[in-house]
Amino acid sequence: MACSIPGIGLETSLKFFTHVGNIERFGSSRSLISWIGLTPRNAQSGTSIHKNGSISRMGCTRLRGQFYMCAVVAIKYNPDCRSFYTRLKESGKPSKVALIAVANKLLRQLYAVLTKKEAYVPNFCTKAS
């Protein structure tokens, strides 16, 4: 099921399951992303809080690098990620920031596919018509 997402292949799936293990130990996709280390990091000194644009880098370096490269591939083959990336670039975000955002989106898609035990559906919409 993980390989049904465009941009995530067999090698990434194997590395993901090797490092993560049981996906159900994470309560949400946010906690998974935080565990891998792709969340934004705030610099705080006293009462001043600054967003410096970097990621936390607290998790597994290999998984982070793997999902960064998956984000590069997903921009080309995953329609949801492609539209998300172009929207971020048009709003003035740097390329690397947009790629990290796409890597986060891929992890959210992967979490949803694995917890619901369904294959990936491109352009999925939850709105009732």
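So, here's what we can say about the structure. (Residues numbered from 1 in each chain as written. Predicted model: local features only at pLDDT ≥ 70, side-chain atom pairs only at ≥ 80, totals over all residues. Heavy atoms only, no water.)

Some words on the packing of helix H4 (residues 79-90) against helix H5 (residues 95-116)
What counts is decided by this rule: Helix axes use the C-alpha atoms of the stretch in contact, all axes being lines fitted to C-alpha atoms, and the angles between their N-to-C directions lie in the range 0 to 180 degrees. Strands here mean DSSP runs of E at least two residues long; helices mean DSSP runs of H or I at least four residues long; both are numbered from the N terminus. Here is the rule for angles: anything less than 35 degrees is roughly parallel, anything more than 145 is roughly antiparallel, 65 through 115 is roughly perpendicular, and the remaining ranges are oblique. Two helices crossing with the near one rotated counterclockwise from the far one by less than a right angle form a left-handed crossing, whereas a clockwise rotation gives a right-handed crossing. By the convention used here, residues are in contact when the closest approach between their heavy atoms is within 4.5 Å. The nonpolar class holds Ala, Val, Leu, Ile, Met, Phe, Trp, Tyr, Cys and Pro. Asp, Glu, Lys and Arg form the charged class, and all remaining residues, Gly among them, are polar.
It is the contact of H4 with H5, at a shortest axis distance of 9 Å, that shows an interaxial angle of 150°. With respect to each other, H4 and H5 are oriented roughly antiparallel. The two elements H4 and H5 cross, and the hand of that crossing is right-handed. Along its contact with H4, which presents Asp80, Cys81, Phe84, Tyr85, Leu88 and Lys89, the element H5 presents Ser95, Ala98, Leu99, Ala101, Val102, Lys105, Leu106 and Gln109. Classifying every residue of the contact of H4 with H5 by side-chain character gives nine nonpolar, two polar and three charged.

Here we look at the packing of helix H2 (residues 29-36) against H5
Closest axis-to-axis distance for the H2/H5 pair is 9 Å, and the angle between their directions is 130°. By the angle between their directions, the pair H2 and H5 is classed as oblique. Crossing of H2 against H5: the hand is right-handed. Side by side, H2 and H5 meet where Ser29, Leu32, Ile33 and Ile36 of the first sit next to Asn104, Leu107, Arg108 and Tyr111 of the second. Grouping the constituent residues of the contact of H2 with H5 by class yields five nonpolar, two polar and one charged.

Details of the pattern of salt bridges
Short version of the rule: Just to be clear on terms, a salt bridge is a Lys or Arg side-chain nitrogen sitting within 4 Å of an Asp or Glu carboxyl oxygen. Here the term buried applies to any residue with accessible area under 20% of the maximum for its type, exposed to any over 50%, and partly exposed to those in between, with areas from a 1.4 Å probe on protein chains only.
Under the definition given, this model contains two salt bridges. The salt bridge partner of Glu11 is Lys15, with a shortest N-O separation of 3.5 Å. Of the two residues, Glu11 and Lys15 both sit in helix H1 (residues 10-20), four residues apart, roughly one turn of that helix. With a relative accessible area of 30%, Lys15 lands in the partly exposed category. Here Glu24 makes a salt bridge to Lys117, at a shortest N to O gap of 3.5 Å. Of this pair, Glu24 sits in the loop between H1 and H2 while Lys117 sits in the segment after H5, placing them 93 residues apart in sequence. Here Glu24 and Lys117 have matching classes, each one exposed.

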